[in-house]
Amino acid sequence: MTSRYRKQILFDPIGAAGQEKISQARVLVVGCGALGSVIAETLVRSGAGLVRIVDRDFVELTNLQRQVLYDEADITEGLPKAIAAERKLRRINSGVTIEPHVADVDATNILALLDGIDVVVDGTDNFEVRFLINDACLERNIPWVNGGVIGSHGQVMSIVPGRTPCLRCLMSDVPEPGSLETCDTAGVIGPAVNVIASLEVVAAVKLLLGVAEIDEPALTVVDVWDLSLRQLKLGADLPERVNCPACRGGERLWLKGERGAHSTILCGRNAVQISPGERGSISLEDLERKLAGSGEVRRNPFLLKLRLTNPDFELTVFKDGRVIVQGTEEVAVARSLYARYVGS
């Protein structure tokens, strides 16, 4: 271990003792797209003991501009991101346990995903999931790192239950549709992703080593285009924290499933994800036979794709019953296609 991580060990704040802590660490990366792929790779190269990756999506051509773990071969194979990530990461560091999960994180599975985890790192692009992570980490008393990026700027914040403000101290609810920029309206550039993801890993490592600046918690905002950085101090006297229904009042709306949608418009994809009310395992082989004659059908061990030509839609069906309908942002249209080809 010493030779592989020598340069990291020579960094005084880590040292040999810190590297040993990193080697024992168990980290959950939620989302393995732009942020998540950089986060996962950096953690694996750093020698984290276990990196558990959960992602609901598959690799597409538009991902390659900023999602550094993937390449064109992953698109040709039609691989889910979690599986493609696992294959790359095992080749990078065989000494790290990589645990991929092809799943949509929701109230039914997040506590299981948190089992044995020391810290959670946010690689999502979805506020609903972030509020769910916040609820679950408060419930399990697990620290997590919140991050997000859009355009050329992003933000990072460490959240430690009982020690720092939580996400709902800063935001009482999911932003109203259209109230914030999205990747559709502002785009996103790779350098911003790399910087924010790297800052998230630094924050996670500090939490693992017990040297995070949680006595003076702050929201760090970076813009790589303007070369600007600012920190918003989030003291214990933050008014919203004093009255926070989540970390002070124990409210768990997202964890209880009282909040959160079963249908999600996917940013920049002209696509809608439909999730069944109850998760299960479906037979992709049986579905392939059922859909024969409905359109062009392709299947691998992880998912099935149905290409329709009239109208022009593509349905990607995962083993847990989720379907991503490409070719529309109308939830009603996506649900209709889901019912017709997969089931009600």
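Engineer: Just to check I follow, could you spell out the nonpolar core for this structure?
Structural biologist: A general trend in soluble globular proteins is that nonpolar side chains are found buried together. Core analysis: the biggest nonpolar cluster contains 46 residues, and Val 27, Ile 39, Leu 43, Val 51, Ile 53 and Leu 89 have the highest contact counts within it. Excluding anything up to four places from it in sequence, Val 27 contacts Leu 43, Leu 50, Val 51, Arg 52, Ile 117, Val 119, Val 121 and Leu 208. Counting 34 residues, the second largest nonpolar core, distinct from the first, contains Val 120, Leu 138, Ile 159 and Leu 253.

Engineer: I keep staring at the pattern of salt bridges and nothing clicks. Help me out?
Structural biologist: Overall, the coordinates contain 20 salt bridges when judged by the stated rule. Here Arg 90 and Glu 86 are joined by a salt bridge, their closest N and O atoms 2.7 Å apart. Placement of both Arg 90 and Glu 86 in helix 5 (residues 81-92) is noted, with a separation of 4 residues, approximately one turn of the helix. For Arg 90, a relative accessible area of 39% translates into the label partly exposed.

Engineer: Explanation requested: the side chain of Arg 56 in the structure shown.
Structural biologist: Here Arg 56 lies in the loop between strand 2 (50-55) and helix 4 (72-77). Residue classification places Arg 56 among the buried positions, given a relative accessible area of 15%. Within the structure, Arg 56 has its side chain in polar contact with the side chain of Asp 104 (distance 3.3 Å). The residues touching Arg 56, leaving out its near neighbours within four places in the chain, are Ala 103, Asp 104, Asn 126, Thr 264, Leu 266, Gln 273, Phe 318, Arg 322 and Ile 324.

Engineer: Mind showing me how you'd approach the sheet that holds strand 7 (residues 218-223) here?
Structural biologist: Within a beta sheet, neighbouring strands are joined by backbone hydrogen bonds and run either parallel or antiparallel to one another. With respect to topology, 8 strands assemble into an open sheet ordered 3-2-1-4-5-6-7-8, the strand pairing being mixed. Only two strands of the sheet have a single partner each, and these edge strands are strand 3 (97-102) and strand 8 (228-233). Within this sheet the neighbouring strands show an average axis-to-axis angle of 15°, counted without direction. Across 7 bridges, strand 5 (residues 144-150) lies against strand 6 (residues 153-159) in antiparallel orientation. Bridge pairing in strand 6 links Ile 150 to His 153. The sheet strands contacting helix 5 are strand 2 and strand 3, and the helix crosses strand 3 at an angle near 165°.

Engineer: I keep staring at the pairing of strand 8 and nothing clicks. Help me out?
Structural biologist: Within a regular strand, the side chains alternate between the two sheet faces. In the sheet, strand 7 pairs with strand 8 via 6 bridges, with the strands oriented antiparallel. In the sheet register, Val 221 faces strand 8, and the bridge partner there is Arg 230. Counting the residues between successive antiparallel strands, the hairpin from strand 7 to strand 8 contains 4 residues, one of them, Leu 227, with a positive phi of roughly 55°.

Engineer: Even after reading the chapter, I still don't get unusual backbone geometry, so can you show me in this structure?
Structural biologist: Note: most peptide bonds trans; most residues except glycine with negative phi. In this model, Asn 141 sits at a positive phi of 60°, which is unusual for a non-glycine residue. By the element assignment, Asn 141 lies in the loop between helix 7 (127-140) and strand 5. Classification of Asn 141 as exposed rests on a relative accessible area of 54%. Even without being glycine, Leu 227 reaches a positive phi, approximately 55°. Of note, Leu 227 is situated in the loop between strand 7 and strand 8. Judged by relative accessible area, Leu 227 falls into the exposed class, the value being 77%.

Engineer: How should the packing of aromatic side chains be read in this particular structure?
Structural biologist: The geometry of an aromatic ring pair comes down to the distance between the two centres and the angle between the two planes. For the coordinates displayed, the defined rule picks out 2 aromatic pairs. Between Phe 58 and Phe 318 the ring centres are 6.4 Å apart and the planes differ by 35°, which places this aromatic pair in the tilted class. With Phe 58 in the loop between strand 2 and helix 4 and Phe 318 in strand 13 (residues 312-318), this pair connects stretches of sequence that are 260 residues apart. On the accessibility criterion, Phe 58 (2% relative accessible area) is buried. Classification of Phe 318 by relative accessible area gives buried; the value is 1%. When the ring of Phe 131 is compared with that of Trp 254, the centres are 4.7 Å apart and the planes differ by 20°; the resulting orientation is stacked. With a gap of 123 residues between them, Phe 131 in helix 7 and Trp 254 in the loop between helix 11 (239-242) and strand 9 (263-266) connect regions that are remote in the sequence.

Engineer: How should the packing of helix 2 (residues 15-24) against helix 10 (residues 190-209) be read in this particular structure?
Structural biologist: How two helices pack is summed up by the angle between their axes together with the distance between the axes. The N-to-C vectors of helix 2 and helix 10 enclose an angle of 105°; their axes lie 9 Å apart at closest approach. Between helix 2 and helix 10, the interaxial angle falls into the category roughly perpendicular. Note on element contacts: helix 10 touches helix 2 through Val 205, Leu 208 and Leu 209, opposite Gly 18, Lys 21 and Ile 22. Here the residues of the contact of helix 2 with helix 10 are counted per class, giving 4 nonpolar, 1 polar and 1 charged.

Engineer: Can you walk me through helix 12 (residues 284-291) in this structure?
Structural biologist: Because an α-helix packs 3.6 residues into every turn, residues spaced three or four apart end up facing the same way. Every buried residue belonging to helix 12 is among Leu 284, Leu 287 and Leu 291, and all of these are buried. Looking straight down helix 12, one finds its buried side chains confined to an arc of 60°; they lie on one side. Residues of helix 12 that are buried sit in contact with strand 11 (296-299), strand 12 (303-309), strand 13 and helix 13 (331-341). The positive-phi residue at the C-terminal boundary of helix 12 is Gly 293, with phi of around 95°.

How each quantity is defined
- Residues numbered from 1 in each chain as written.
- Predicted model: local features only at pLDDT ≥ 70, side-chain atom pairs only at ≥ 80, totals over all residues.
- Heavy atoms only, no water.
- Core = buried A, V, L, I, M, F, W, Y, C linked by side-chain atoms within 4.5 Å.
- Buried < 20%, exposed > 50% of the residue type's maximum accessible area, 1.4 Å probe, protein only.
- Contact = heavy atoms within 4.5 Å.
- Salt bridge = Lys/Arg side-chain N within 4 Å of Asp/Glu carboxyl O.
- Helix = DSSP H or I, 4+ residues; strand = E, 2+ residues; numbered from the N terminus.
- Polar contact = N/O pair within 3.5 Å; in protein donor to acceptor, adjacent residues only side chain to side chain.
- Pairing = 2+ DSSP bridges.
- Axes fitted to C-alpha atoms, helices over the stretch in contact; angles between N-to-C directions.
- Phe/Tyr/Trp six-rings, centres within 6.5 Å; stacked < 30°, edge-to-face > 60°.
- Parallel < 35°, antiparallel > 145°, perpendicular 65-115°, else oblique.
- Nonpolar A, V, L, I, M, F, W, Y, C, P; charged D, E, K, R; others polar.
- Arc of directions from axis to C-beta.

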